[in-house]
Amino acid sequence: RYVRQLQRLQLLFSPTAADARGARQFVEEAAQDFARQHPDVVLYVSPHSGPGPAPVLRAEYLNGTVREELIASKTSEEIVQLATKLANQSGLDIIRIRKPFHTDNPSVQGQWHPLTNKPSILTIQGPRLQPQ
Amino acid sequence: MVVLSAARWVRSRLTDRFWRVQEVLKYARHFRGRKNRCYKLAVRSVRRAFVRSTKARREKKRFLRALWITRIEAASLEHGLKYPAFISNLVKSQVELNRKVLADLAIYEPKTFKSLAALAQRRRQEGFLAALGDGKEPEGIFSRIVHHH
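Scoring rules and cut-offs
- Residues numbered from 1 in each chain as written.
- Chains lettered and ligands numbered in written order.
- Predicted model: local features only at pLDDT ≥ 70, side-chain atom pairs only at ≥ 80, totals over all residues.
- Heavy atoms only, no water.
- UniProt positions renumbered as here; feature names shortened; annotations may be inferred.
- Pairing = 2+ DSSP bridges.
- Helix = DSSP H or I, 4+ residues; strand = E, 2+ residues; numbered from the N terminus.
- Axes fitted to C-alpha atoms, helices over the stretch in contact; angles between N-to-C directions.
- Contact = heavy atoms within 4.5 Å.
- Buried < 20%, exposed > 50% of the residue type's maximum accessible area, 1.4 Å probe, protein only.
- Buried area = accessible area lost by both parts, 1.4 Å probe.
- Salt bridge = Lys/Arg side-chain N within 4 Å of Asp/Glu carboxyl O.
- Polar contact = N/O pair within 3.5 Å; in protein donor to acceptor, adjacent residues only side chain to side chain.

- The name given to chain B in an unreviewed UniProt entry is Large ribosomal subunit protein bL20m, with the source organism recorded as Hippolais icterina.
- Per its UniProt entry, chain B bears the Sequence similarities (unreviewed entry) comment "Belongs to the bacterial ribosomal protein bL20 family."

- As annotated in an unreviewed UniProt entry, chain A is Large ribosomal subunit protein mL43 from Hippolais icterina.
- Chain A has a UniProt comment under Sequence similarities (unreviewed entry) that states "Belongs to the mitochondrion-specific ribosomal protein mL43 family."
- In the Subcellular location (unreviewed entry) part of its UniProt record, chain A is described as follows: "Mitochondrion".

Structure follows, in structure tokens:
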């Protein structure tokens, strides 16, 4: 069964700042619908009064990563799209994956070493090896 | 070093220009000389580094293929076969393994690779018999072709 990796979404904005207008509209119109469509994500709305840092949408995932996205001067629809994108992500870092595969046991028959295809007389060492 | 809270009169001010410069310098941190510190030199070096990395993606494919071929050649010489003979006889026996997989088998699965080398050797002998024997002997077993329709 699918377990959503997004734990909580924190909407930090100021009720008076001009660039938080999209955030305020999102809270008024679309936040309830978003919360209903994603029942396993907790949505926190925390307005801080007075001039402060820029409005931000903080996403916390099950593996502990915290991802902050600026929502200054964004419309309500854009914030909805951003929130759905964050909800569909997992918390893994967004870097280039070097290889799309990984094994803990790469070798079943034993990894090659310079003595694999040599006659086994070469692996015996010590005083027992005497010409009979 | 990041100053965010109410002490706005502190002399160290992080302007937007600082962040714009850091965006470029973060890609130059592992360079040698002044180009990992000075923005004017770093801009040119970072741009050249990006251009080279884009172009090198095509070279990487050629380089890796050459590496696999070297490894398969070394492994097949251990079993007494040369690389062109090995590859051509595998293809004739309808074993469609690419060089990447063959190189990985040669490293991690040496017994499988030995059996593949033996198969190629057997197909080579049957090819010689078919070419030199001319007719009377029966066709080789490993020279039969399976048709998938």
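A closer look at the sheet that holds strand 1 (residues 6-13) of chain A
Residues and elements named next belong to chain A.
Okay, so step 1: Taken in spatial order, the 4 strands make up an open sheet running 2-1-3-4, and their pairing is mixed. Edge positions in the sheet fall to strand 2 (42-47) and strand 4 (66-70), since each of these pairs with one other strand and no more. For this sheet, the mean inter-axis angle between neighbouring strands, taken without regard to orientation, is 15°.
Okay, so step 2: Most of the contacts of helix 1 (residues 21-37) go to strand 1, to which it runs at about 160°, and overall it touches strand 1 and strand 2.

So, unusual backbone geometry
Leaving glycine aside, a negative phi is the common case for residues, and trans is the common case for peptide bonds.
Okay, so step 1: Within the chain, A:Ser73 stands out as a residue other than glycine whose phi angle is a positive 55°.
Okay, so step 2: With respect to the secondary-structure elements, A:Ser73 resides in the loop between strand 4 and helix 2 (76-88).
Okay, so step 3: One non-glycine residue, B:Gln94, adopts positive backbone phi at about 60°.
Okay, so step 4: Using a relative accessible area of 32% as the deciding quantity, one classes B:Gln94 as partly exposed.

Comments concerning the interface of chain B and chain A
Okay, so step 1: With 10 residues of chain B at the interface, the matching set in chain A holds 10 residues.
Okay, so step 2: A combined buried area of about 940 Å² lies between chain B and chain A, and 47% of that area is made up of carbon and sulfur atoms.
Okay, so step 3: Its largest share of buried area at the contact with chain A, chain B owes to B:Glu78, B:Tyr108 and B:Pro110, together 53% of the area lost on that side.
Okay, so step 4: The interface formed by chain B and chain A contains 0 salt bridges.
Okay, so step 5: Where chain B touches chain A, the interface holds 8 residue pairs in polar contact (both at pLDDT 80 or more).
Okay, so step 6: Looking at the side of chain B that touches chain A, the elements that each hand over two or more residues are helix 4 (99-108) and helix 5 (110-133) of chain B.
Okay, so step 7: The leading source of residues in the side of chain B that touches chain A is helix 4 of chain B, at 4 residues.

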